[in-house]
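Chain residues, written in single-letter form:
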Amino acid sequence: MDFKLKQQDVQVYPQPRRDAPPMRILRVGDQARVGKVKAVKGEKWLEIIFPDKVHGFIPGDTQVFLMRRVVTNQPETKLYATAGRESVKATLKRRSTLDLIDMVEQNGEKWLQCQDKAGNAGYIEAGTKVLKSAKPTVANGVFNILTGGIVMLAGFCYLLAILGTPPIDWFQLVTRLLWSLLGLMWLISGIIQIVEASK
C-alpha cells in the first residue's frame, strides 16, 4: 500500500532509531510504499519502501494518507469535479471501485480525492461509506489458475467416466458439468487477476 506525506519535512532513518544518521528527507506530498510497523523501546516506527527499493523508517506518528482501493458501500455516491458540492461529475452506484489518492480540506470540510478504474478523477465526501478492496496480485492469480484448472480437470474426468458407463445418470452428469464450468470460471478469474496486477 502506498502513502502520501501530509506534513512538512520528515527525516527517514536507516534503522528505527532517532540517533541514527538520516538517510533521506521526505517532503510534503512525497509518496512511498508502506512496509511493516515496528515498536522499538515503546515508540512505533513505520517502514517505508522507495521506488528504488531502498528501505527506511519514519516515526509512527508521522501524518500520512494511505492510498488504497475501496468500493462504495451506500446506494449512491456523488463524485464531484472539485472539493465542494458545486459541480456533480457523476453519481456512482453501490460497489463502485475507487482508488483514494489524497485527502484535502476545503471550507472546513474534508474531501477524498479519488479516481475510478477508467481513470476518471474527482472528489467524494470524507464520510462516504466504503469497504476495503484488495488489489489483484500475480500470486493470487496463479493460485486461482492452478485451483481452477484442477477443479475443471477433475470435473471433466468425472464427466467422461459417467458418459462411458450407461445408463447415464442425468443428475450426476449435470453436477459434473457444472463442476467443470466452475473450474473454468475460476481459471479465467485468475488470468484476469494476473493481467490487472501487471498493469
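Use the structure listed above.
Q: Report on the overall build of the protein chain, specifying residues and quantitative values.
A: Within the protein chain, the regular secondary structure consists of two helices and 14 strands. Taken over C-alpha atoms, the radius of gyration comes to 24 Å for the protein chain, far larger than the 16 Å a tight globule of 199 residues would show. Judged by the C-alpha coordinates and their principal axes, the protein chain covers about 80 × 50 × 30 Å. Considering the protein chain as a whole, with its 199 residues, one finds that 32% of them fall into the buried category. The long-range fraction of contacts in the protein chain, counting pairs at least 24 apart against all pairs at least 6 apart in sequence, stands at 55%. Surface summary for the protein chain: the accessible area is close to 12600 Å², and the carbon and sulfur share equals 59%. The average position of the 27 basic charges and that of the 18 acidic charges among the side chains of the protein chain differ by 4 Å.

Q: Let's hear about the pattern of salt bridges: which residues, and what values?
A: One pass over the full model with this rule turns up ten salt bridges. Ionic pairing is found between Asp9 and Arg27, a salt bridge with its closest N-O pair at 2.5 Å. In this pair, Asp9 is assigned in the loop between β1 (2-5) and β2 (10-12) and Arg27 in the loop between β3 (24-26) and β4 (31-40), connecting sequence segments 18 residues apart. Through salt bridges with shared partners, a single ionic network connects Lys4, Lys6 and Asp102.

Q: An account of helix α2 (residues 170-197) is requested, with residue identities and associated values reported.
A: Its 28 residues place the ends of α2 41 Å apart at the C-alpha level, agreeing with the 40 Å of an ideal helix rising 1.5 Å per residue. Looking only at α2, the buried set comprises Leu173, Arg176, Ser180, Gly183, Leu187 and Gly190.

Q: Explain the sheet that holds strand β7 (residues 64-67) residue by residue, including any values.
A: Pairing in this open sheet of five strands is antiparallel, and the strands run β6-β5-β4-β1-β7 from one edge to the other. For this open sheet the edge positions go to β6 (55-59) and β7, each flanked by a neighbour on one side alone. Strand after strand, the sheet turns through a mean of 45 degrees between neighbouring axes, direction not considered. Bridge count between β1 and β7: four bridges; the pairing is antiparallel. If you follow Phe3 over to β7, its bridge partner there is Leu66.

Q: Run through the pairing of β6, naming residues and quoting values.
A: Where burial is concerned, most of β6 is hidden: four out of the five residues are buried. Pairing between strand β5 (residues 43-49) and β6: five bridges, direction antiparallel. Opposite Ile49, over in β6, you have His55 as the bridge partner. Counting the residues that bridge the hairpin from β5 to β6 gives five residues, and of these Lys53 lies at a positive phi of roughly 75 degrees.

Q: Which residues make up the nonpolar core, and what are the values?
A: Soluble globular proteins tend to bury their nonpolar side chains together. Counting residues in hydrophobic clusters, the biggest one holds eleven residues: Phe65, Met67, Val70, Leu79, Leu92, Leu98, Leu100, Ile101, Leu112, Cys114 and Ile124. Among the elements of the structure, β7, β11 (97-106) and β12 (109-116) are those that each provide at least two residues to this core. In terms of residue count, β11 provides more of this core than any other element does, three residues in total. When near neighbours in sequence (up to four residues on either side) are disregarded, Leu98 contacts Arg68, Arg69, Val70, Thr72, Leu92, Cys114, Gln115, Asp116 and Ile124. Counting ten residues, the second largest nonpolar core, distinct from the first, contains Leu5, Ala32, Leu46 and Ile48.

Q: Hey, could you go over a nonpolar patch on the surface for me, with residue numbers and the actual values?
A: A surface patch of nonpolar side chains, amounting to about 590 Å² of accessible area, comprises Val174, Leu177, Leu178, Leu181, Leu184, Ile188 and Ile192. Within the secondary structure, Ile192 sits in helix α2. On the basis of relative accessible area, Ile192 is assigned to the partly exposed category, the value being 45%.

Q: With reference to specific residues and values, describe the environment of Gly183.
A: With respect to the element layout, Gly183 can be found in helix α2. With relative accessibility at 0%, the residue Gly183 sits in the buried group. In this structure the C-alpha to C-alpha distance between Gly183 and Thr147, which are 36 residues apart in sequence, comes to 7.5 Å. Apart from the residues within four sequence positions on either side, Gly183 is in contact with Gly148, Gly149, Val151 and Met152.

About the thresholds
- Residues numbered from 1 in each chain as written.
- Predicted model: local features only at pLDDT ≥ 70, side-chain atom pairs only at ≥ 80, totals over all residues.
- Heavy atoms only, no water.
- Helix = DSSP H or I, 4+ residues; strand = E, 2+ residues; numbered from the N terminus.
- Rg over C-alpha atoms; globule rule 2.2 N^0.38 Å.
- Buried < 20%, exposed > 50% of the residue type's maximum accessible area, 1.4 Å probe, protein only.
- Contact = heavy atoms within 4.5 Å.
- Areas by Shrake-Rupley, 256 points an atom, 1.4 Å probe, with all protein chains shown as cover.
- Lys, Arg positive; Asp, Glu negative; His and termini not counted.
- Charge placed at Lys NZ, Arg CZ, Asp CG, Glu CD.
- Salt bridge = Lys/Arg side-chain N within 4 Å of Asp/Glu carboxyl O.
- Expected span 1.5 Å × (residues − 1).
- Pairing = 2+ DSSP bridges.
- Axes fitted to C-alpha atoms, helices over the stretch in contact; angles between N-to-C directions.
- Core = buried A, V, L, I, M, F, W, Y, C linked by side-chain atoms within 4.5 Å.
- Patch = residues over 30% accessible without salt bridge, like charges linked within 9 Å, V, L, I, M, F, W, Y side chains within 5 Å.

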